[in-house]
Amino acid sequence: MKRFNGKNVLVTGGTSGIGLAVAQAFAAEGARVVVTGRDEKALEQVATGLGGGAVALKNDASHLGDAKALGQALAAQGIRLDAVFINAGVAKFAAFADVDEALWDLTFNTNTKGAYFQLQAVLPQLNDGASIVLNGSINAHIGMPNSSVYAASKAALITLARTLSAELLPRGIRVNVVSPGPVHTPLYGKLGMDQAQLEATAAQIQAQVPLGRFGRPEEIASTVLHLSSPESGFIVGTEIIADGGMSQL
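Residues numbered from 1 in each chain as written. Predicted model: local features only at pLDDT ≥ 70, side-chain atom pairs only at ≥ 80, totals over all residues. Heavy atoms only, no water.

Could you give an account of the pattern of salt bridges, naming the residues involved and the relevant values?
Under the criterion given, the structure shown has five salt bridges. Between E29 and R3 there is a salt bridge, with its nearest N and O atoms 2.8 Å apart. Pair noted here: E29 is in the loop between α1 (17-28) and β2 (32-37) and R3 is in the segment before β1 (8-11), with a separation of 26 residues, a long-range link. Look at E29 and you get buried, because its relative accessible area is 11%. Via salt bridges that share partners, R3, E29 and E231 belong to a single interconnected network. (Salt bridge = Lys/Arg side-chain N within 4 Å of Asp/Glu carboxyl O. Helix = DSSP H or I, 4+ residues; strand = E, 2+ residues; numbered from the N terminus. Buried < 20%, exposed > 50% of the residue type's maximum accessible area, 1.4 Å probe, protein only.)

Describe in detail the side chain of D82, supporting the description with residues and values.
Along the polypeptide, D82 turns up in strand β4 (residues 81-86). Despite its burial, D82 remains without a salt bridge, the nearest opposite charge being carried by K7 at 4.3 Å. At 2.9 Å, the side chain of D82 forms a polar contact with the side chain of N127. Apart from the residues within four sequence positions on either side, D82 is in contact with G6, K7, N8, N127, A130 and S131. (Lys, Arg positive; Asp, Glu negative; His and termini not counted. Polar contact = N/O pair within 3.5 Å; in protein donor to acceptor, adjacent residues only side chain to side chain. Contact = heavy atoms within 4.5 Å.)

Following this line, the structure appears as structure tokens:
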């Protein structure tokens, strides 16, 4: 299938994990992909691998100035967008008693404030009828210990999808959320745990998934592409949970 032939799409945080899988899936279906990230070398490698005139833009979602620069860079290159996947984020877990302002600010500046102002910055470059997909998380639903800040930052995105859908509907722009459960990505290596803690946590999480395994980034990518394509044209302001049944069964 080449559902995105002639289309331009933006994937933020697209150098690894779910973001990279989504960028690759879009490229495989004919899209020209604009990918962002903080590591310039990794960006160049990803853009080369994507082909099709892919564009790499160094960008830090936690910085308001970078959000504005993202919109300016797209405008300068004359890139109009047909789909956006807001994926750049951080996941730092800590017990409620141990959370400090620095952790709060890093999480919300990246996951929530960054998403909000990146979308605002690229809005003038969105074609009418474009699709926006936000990367949420089942942590917004399940009350996992030590995830209070992260879960709150993702819950905000679910609300944002609804309010922005209502506001952007006159332009035919749809906003939806995909909320993954546990997925094999490098993000799990950035939780601030040592290897033993990480393995123990992974085992505990996997035991809670009815399918008995972590998801694959490619499985989330297929959902993002569905929400970004005309075939999902009647899906607006909603959330698709892809978690192997973890929060549903």
